[in-house]
Amino acid sequence: MKLYGSTTSPYVRRIRVLLSQTPHDFVSLNIYEGEDRETLASKTPVLRVPCLEDDGHLIFDSRVIHNYLTEKFQYAALSWEQENQLTTIDAVNDSLVILFQMKQSGIEADRDAMIVRNQRERIDASLRALNQQVEDGYFDSWHYPSICLYTLIDWIEFRQLHSLKEMDALKSFRERHTDRIELTATDPRK
Ligand SMILES: N[C@@H](CCC(=O)N[C@@H](CS)C(=O)NCC(=O)O)C(=O)O
């Protein structure tokens, strides 16, 4: 089993954490340049990571990779509530990727521009919902949605993408898990 990704991507990190007890090769790529980009392009036309190669299959998208691994290793199926939690986590992740890429591209994020306003509204509403769900105990166990929430919050802190003001439950959720070995082993700061 081969996982193509980058060390900083929160989407890749969730699969690395999920596979922490499963033998696999992690192929770390610089997805935007040179030979590594060609390698990525030879594996997936979507040109995004993660991408999993296993048993003659190439699987794109962390959500589909999770479904594939769930079937292969018979992990517990997610409830519909947990599917919604993943959608909420992915919504924040996707919107922050858009704003981050705008910044990296030197595009001024005009707060009043529709594309920026839409991302910010989605990020704030979704983070508030996730903060409430943590308070309500939905992330008390270390399951796949918790892994995805952790890698999102830790990436936000790492890249300083949001102040997380009034999101104390999210901040303490991160602090509670930060010493887990599979998280220190995949820390993007290293
Ligand atoms: N829905 C995808 C999102 C993956 C994604 O956006 N990955 C980013 C890295 S964090 C990426 O590859 N971006 C490349 C690009 O946007 O060109 C998933 O869950 O795997």
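Residues numbered from 1 in each chain as written. Predicted model: local features only at pLDDT ≥ 70, side-chain atom pairs only at ≥ 80, totals over all residues. Heavy atoms only, no water.

1. Here we look at the side chain of Arg-14
Short version of the rule: Each helix is a run of DSSP H or I of at least 4 residues and each strand a run of E of at least 2, with the numbering of both proceeding from the N terminus. Remark: exposure states derive from per-residue accessible area (1.4 Å probe, protein chains only) relative to the maximum for the residue type, with buried under 20%, exposed over 50%, and partly exposed in between. Whether two residues are in contact is decided by their heavy atoms, any of which lying within 4.5 Å being enough.
With respect to the secondary-structure elements, Arg-14 resides in helix H1 (residues 10-18). For Arg-14, a relative accessible area of 1% puts it in the buried group. Setting aside its immediate chain neighbours within four residues, Arg-14 contacts Ser-62, Ile-89, Asp-90, Asn-93, Tyr-144, Ile-147, Cys-148 and Thr-151.

2. Comments concerning the site of the ligand
As a reminder of what qualifies: Being near a molecule or strand, for a residue, means having at least one of its heavy atoms within 4 Å of it. Whenever two N or O atoms come within 3.5 Å, that pair is a polar contact, provided that in protein one can donate a hydrogen and the other can accept it, and provided that, for residues adjacent in sequence, both atoms are side-chain atoms. The method behind every accessible area is Shrake-Rupley, applied with a 1.4 Å probe, and residues are considered shielded solely by the protein chains displayed. Cavities and pockets were defined on a 1 Å grid built from protein atoms only: a cavity is a group of points that admits a 1.4 Å probe but offers it no way out, a pocket is an open group of points flanked by protein on both sides within 12 Å along at least five of seven lines, and a lining residue is one with an atom within 4 Å of any such point. For a molecule to be placed in a cavity or pocket, more than half of its atoms must lie within 2 Å of the grid points of that cavity or pocket.
The local shell around the ligand consists of Ser-9, Pro-10, Tyr-11, Ile-31, Tyr-32, Leu-47, Arg-48, Val-49, Pro-50, Asp-61, Ser-62 and Gln-101. One of the side-chain N or O atoms of Gln-101 is found 3.2 Å from an oxygen atom in the ligand. If the ligand stood free it would expose 510 Å²; the protein chains cover 85% of that surface. A majority-of-atoms criterion places the ligand in the largest pocket.

3. Here we look at the nonpolar core
The nonpolar side chains of a soluble globular protein tend to be buried with one another. Inclusion rule: Take the buried residues of types Ala, Val, Leu, Ile, Met, Phe, Trp, Tyr and Cys, join any two whose side-chain atoms come within 4.5 Å, and each joined set is a nonpolar core. For every domain, the bounds stem from an assignment made automatically or drawn from a database.
The biggest cluster of nonpolar side chains holds 45 residues, and the ones touching the most others in it are Leu-127 and Leu-149. Secondary-structure elements contributing two or more residues to this core are strand E1 (2-5), H1, strand E3 (51-54), helix H3 (62-73), helix H4 (80-104), helix H5 (114-135), helix H6 (144-159) and helix H7 (168-177). When residues of this core are assigned to their parent elements, the largest contribution, nine residues, is made by H6. A domain-level breakdown of this core finds at least three residues from each of domain 1 (2-73) and domain 2 (80-180). If sequence neighbours within four positions are ignored, Leu-149 has contacts with Ile-89, Leu-130, Val-134, Phe-139, Leu-170 and Phe-173.

Shape is all these values report; function is a separate question.
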